[in-house]
Amino acid sequence: MDSQISTPFSYDWVEGWSLSTASTVSDIGIVIALFIAISLSPMFSGEWHNDTKALIMTTRNGWQKTAAAKILAGLLFTLGLFALIAIGTISSQLFFMGARGWDMPIQCIKVLATAPMNVLQAEIYEYAYILLASIGFTGITLFLSALLRSNYASLLASLAVVYVPMAIAQFIPLWAQKLLDLLPFVGWSTDIFRTNAYNLFGKTIWSPFLLITVPVCIGLMCIPFAASRWSQRMKA
């Protein structure tokens, strides 16, 4: 069979890459979501919890700059957390499994996969998905923190964004599952190995395209509302 094609079909160490792309990398998002929710949910609601309104009213930089500083701190925390976990995971992968077989087509792992990608490209996509979902979830968490006065309520609401859709997925219609998959960390980066698609305005769009773009867009849209809502509540 190889002699009949111009580029021989490569076979190599499949199991290590399958473990990395189909399990290890995709599960990182759940851990990152937990850390983001715990660390950033008090970012705005903590001002109410600690009754620091009078202190903040004396700041020289104003509400907008204070809110911008909080949002920037939250985003930097998320980027640092992602970098720390990603570097550790990649280093462990290189140490224990090496990089051999990176140019295998993903069809060696999932026969029904349709993307013309090798396993290294698939893993890069998965890390990009986690990074963008992390940014999106950060925006949602900051918005919920600005919306709610209680640290506990904002924490529970942030965790509910990720974990409630996962818990109810098997009990709701397929169209509702697909909509919830567009929330940060609710969908799966392993869709790169599948043929799932969305039908939008008569166009069929492969799910990995939306799963990597929509969550971060949702989070970025939440950020200005978080700053505005917090400023209004602190002025009241």
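Residues numbered from 1 in each chain as written. Predicted model: local features only at pLDDT ≥ 70, side-chain atom pairs only at ≥ 80, totals over all residues. Heavy atoms only, no water.

Q: Describe the pattern of salt bridges, and please don't skip the residues or the numbers.
A: Considering all chains together, one arrives at 1 salt bridge under this definition. Here Asp 191 makes a salt bridge to Arg 194, at a shortest N to O gap of 2.7 Å. (Salt bridge = Lys/Arg side-chain N within 4 Å of Asp/Glu carboxyl O.)

Q: A description of the pairing of strand S2 (residues 203-206) should follow, citing residues and the corresponding values.
A: Both strand S1 (residues 197-200) and S2 contribute to a ladder of 4 bridges, which runs antiparallel. Note that in S2 the partner of Leu 200 across the bridge is Lys 203. Remark: 2 residues form the turn of the hairpin made by S1 and S2, two consecutive strands paired antiparallel; Phe 201 in that turn has positive phi of roughly 50°. (Pairing = 2+ DSSP bridges. Helix = DSSP H or I, 4+ residues; strand = E, 2+ residues; numbered from the N terminus.)

Q: A description of the environment of Glu 15 should follow, citing residues and the corresponding values.
A: Among the secondary structure elements, Glu 15 is positioned in helix H1 (residues 14-40). Separated by 82 residues in sequence, Glu 15 and Met 97 place their C-alpha atoms 9.9 Å apart.

Q: Which residues make up the environment of Thr 89, and what values do they have?
A: Among the structural elements, Thr 89 can be located in helix H4 (residues 62-96). Its relative accessible area of 18% is what places Thr 89 among the buried residues. On a C-alpha basis, the gap between Thr 89 and Thr 24 in space is 8.4 Å, while along the polypeptide they are 65 residues apart. Those residues within four positions of Thr 89 in sequence are excluded, and the remaining contacts are Thr 24, Ile 28 and Tyr 127. At 2.8 Å, the side chain of Thr 89 and the backbone oxygen of Ile 85 are in polar contact. (Buried < 20%, exposed > 50% of the residue type's maximum accessible area, 1.4 Å probe, protein only. Contact = heavy atoms within 4.5 Å. Polar contact = N/O pair within 3.5 Å; in protein donor to acceptor, adjacent residues only side chain to side chain.)

Q: Provide a residue-level description of the side chain of Ser 134, including the pertinent values.
A: Residue placement: Ser 134 occurs in helix H5 (residues 119-147). Once you skip the residues sitting within four places of it in the chain, Ser 134 turns out to touch Ile 32, Ile 36, Thr 78 and Phe 185.

The values reported here are purely geometric and, on their own, carry no functional implication.
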